Amino acid sequence: MPSKLPNLLLTLLIGIVGGIGAEQLAVPLPWLLGPLATTAITSVAGIKTSSSKHVLAPARTFLGVAIGASFTPALLERIDEMAFSLAFIPIYLAVLALIGFPFFHRICKFDKPTAYYSTMPGGLPDMIAFGAAAGADVRVLSIVQATRAFAVVVILPLFLSLALGIEFSRGQSVGSHWADIPLREELLILTCAFGGWFIAGKLRIKGATIIGPMLAAAVMSMTGLISHRPPVEIMIIAQLIVGISIGCRYAGADRRTIMIAAGAAVGFCILIFMLAATFAGMISVFGNIDFLDTILAYAPGGQAEMTLLAIIVGADAAFVSLHHVCRVFIVVIGAPIAQRYL
């Protein structure tokens, strides 16, 4: 960590500049997209950027608390509709695989392991680890997965703005300010974040940084001990750190590799976004569920990014998060098994 400190501070400065610039330009999700863009651009340009799990992990704990705080007693009344929507996730993933693997292997000419794990919409670190074990091109796979996350958080706000008329105002709030939250709840939020992470880590729960705080906050929210999400100030910092972590994935790759892998990822992202919109529309109609909730639940982005977007636009963050947890769980468990049959 000490040896990486200068690069971390430089990367943080680059991210902050991106956030301020995006906010001044009224870009949707300025503190996510701005840092993501400036970090990715400087990484490609050859500037040595760096992110750290020691910084990313605490930021993710507060995302977990924000999700957990969305689990209220009223949510229990929606269990039936959530079950209906969740039941379609395995079908959605199967269709996605049938489209994605031929696209990357036959059209983009990736080898089979690289094509397969480029298709899978699981957690980025997990897919890279599985791909490396299977003999995939890790550099190409990393860029494809990072670009998918990048593209989704760019395309989805534009879609929501144009198709649904959702306005992303500059400096849009994602909760209450720190000064407006009672001290008792502030302490409980911190307890949920770090206590939940610690306990989940000790129990070796996958995704402990989000799952542990989420479960702790859900219990406190359902019992009425907390009624607020983490404050605006912390959520902005979380967006900044998540954006930087995605942008840093482009570091060290040559421009030709980036162009090929990123171009393939964007093409695939458009295809799966159309697929996600189709499933979301169908589920919304037949399940009588808000289309905004379903499109965010089925969008092929990362859980952290999609939950942030759900919170910002006022969607059901618990509904959205539960779908992404289910998707990642199915992919992480099933992808290595299914890969054997290629």
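Residues numbered from 1 in each chain as written. Predicted model: local features only at pLDDT ≥ 70, side-chain atom pairs only at ≥ 80, totals over all residues. Heavy atoms only, no water.

1. What about the overall build of the protein chain?
For the record, the criterion: Segments assigned H or I by DSSP are reported as helices when at least four residues long, segments assigned E as strands when at least two residues long, and all are numbered from the N terminus. For every residue, the accessible area obtained with a 1.4 Å probe (protein chains only) is divided by the maximum for its type, and the residue is called buried under 20%, exposed over 50%, and partly exposed between those limits. Only heavy atoms enter the contact rule, under which two residues are in contact if any of them lie within 4.5 Å. The charge count includes Lys and Arg as positive and Asp and Glu as negative, but it does not include His or the ends of the chains. To locate a charge, the coordinates of NZ of Lys, CZ of Arg, CG of Asp or CD of Glu are taken.
Helix and strand counts for the protein chain stand at 15 helices and zero strands. In terms of overall dimensions, the protein chain has a C-alpha envelope of 55 × 50 × 45 Å along the principal axes. The buried share among the 342 residues of the protein chain stands at 53%. When contacts within the protein chain are restricted to residue pairs at least 6 apart in sequence, long-range pairs at least 24 apart make up 77% of them. Of the side-chain charges in the protein chain, 21 are positive and 17 negative, and the distance between the mean point of each set is 16 Å.

2. Observations regarding empty space enclosed by the protein
Put simply, the rule reads: Think of a 1 Å grid over the protein atoms and nothing else: a 1.4 Å probe that fits but is trapped marks a cavity, an open set flanked by protein within 12 Å on at least five of seven lines marks a pocket, and residues with an atom within 4 Å of a point count as lining. Grid points are joined across faces, edges and corners, and a volume is the space filled by probe spheres set on the points. Note on residue classes: Ala, Val, Leu, Ile, Met, Phe, Trp, Tyr, Cys and Pro are nonpolar, Asp, Glu, Lys and Arg are charged, and everything else, Gly too, is polar.
Counted by the stated rule, this structure contains two cavities of 30 Å³ or more. Estimates place the volume of the second largest cavity at around 40 Å³. Around the second largest cavity, the lining residues are I89, Y92, A297, Y298, H323 and R327. Where the lining of the second largest cavity is concerned, the elements lending two or more residues are helix 5 (89-107), helix 13 (291-298) and helix 15 (317-339). Within the lining of the second largest cavity, the residues separate by chemical class into four nonpolar, one polar and one charged.

3. Digging into the nonpolar core
The test is simple: The criterion is simple. A nonpolar core is a set of buried Ala, Val, Leu, Ile, Met, Phe, Trp, Tyr and Cys residues joined through side-chain atoms within 4.5 Å.
In terms of nonpolar packing, the biggest core is built from 44 residues, with Y92, F104, F110 and Y298 touching the most fellow members. Only helix 5, helix 6 (112-119), helix 7 (124-134), helix 8 (138-164), helix 12 (255-287), helix 13 and helix 15 provide two or more residues apiece to this core. Apart from the residues within four sequence positions on either side, Y298 is in contact with S85, F88, I89, Y92, A276, F279, I283 and H323. Among the nonpolar cores identified, the runner-up in size contains 34 residues, and L63, C269, L292 and V320 belong to it.

4. Observations regarding helix 5
The test is simple: To estimate how far a helix should extend, the number of its residues minus one is multiplied by 1.5 Å.
With 19 residues, helix 5 should cover 27 Å at 1.5 Å per step; its first-to-last C-alpha distance of 26 Å lies within 8% of that length. What helix 5 keeps buried is the set I89, Y92, L93, L96, G100, F101, F103 and F104. Following helix 5 by one or two positions, K109 has its phi on the positive side, about 65°.

5. Side note on the packing of helix 12 against helix 13
To keep things clear, this is the line we draw: Geometry is summarised by axes, namely lines fitted to C-alpha atoms with helices restricted to the contacting stretch, and by angles between N-to-C directions that run from 0 to 180 degrees. By definition, any crossing whose near helix is turned counterclockwise from its far helix by less than a right angle is left-handed, and any crossing with a clockwise turn is right-handed.
At a minimum axis separation of 8 Å, helix 12 and helix 13 run at an interaxial angle of 140°. In this structure, helix 12 crosses over helix 13, and the sense of that crossing is right-handed. Within the contact between the two elements, helix 12 uses A276, A277, F279, A280, G281, I283 and S284 and helix 13 uses F291, T294, I295 and Y298. Residues that form the contact of helix 12 with helix 13 fall into these classes: eight nonpolar, three polar and no charged.

6. Quick word on the environment of I289
Residue position: I289 is located in the loop between helix 12 and helix 13. Taking the relative accessible area as the measure of exposure, I289 reaches 3% and is therefore buried. Sequence separation between I289 and L308 is 19 residues, and the spatial gap between their C-alpha atoms is 20 Å. Every residue in contact with I289, bar those within four places of it in the chain, is listed here: R78, E81, S85, I283, S284, T294 and F319.

7. Examining the packing of aromatic side chains
Stated precisely, the cut-off is as follows: Each pair of aromatic rings taken from Phe, Tyr and Trp, with Trp reduced to its six-membered ring, is defined by centres within 6.5 Å and is described as stacked if the planes are under 30 degrees apart, edge-to-face if over 60, and tilted in the remaining cases.
Evaluated as defined, the whole model comprises 13 aromatic pairs. Relative to F110, the ring of F104 lies with its centre 5.5 Å away and its plane at 20°, an arrangement referred to as stacked. Assigned by exposure class, F104 and F110 land together as buried. Aromatic side chains F279 and Y298 sit 6.2 Å apart centroid to centroid with 15° between the ring planes, which places their arrangement in the stacked category. Remark: Y298 occurs in helix 13 and F279 occurs in helix 12; sequence separation between them is 19 residues. Across this residue pair, the class does not change: F279 and Y298 are buried. Site record: aromatic cluster; members linked through ring pairs are F103, F104, F110 and F268.

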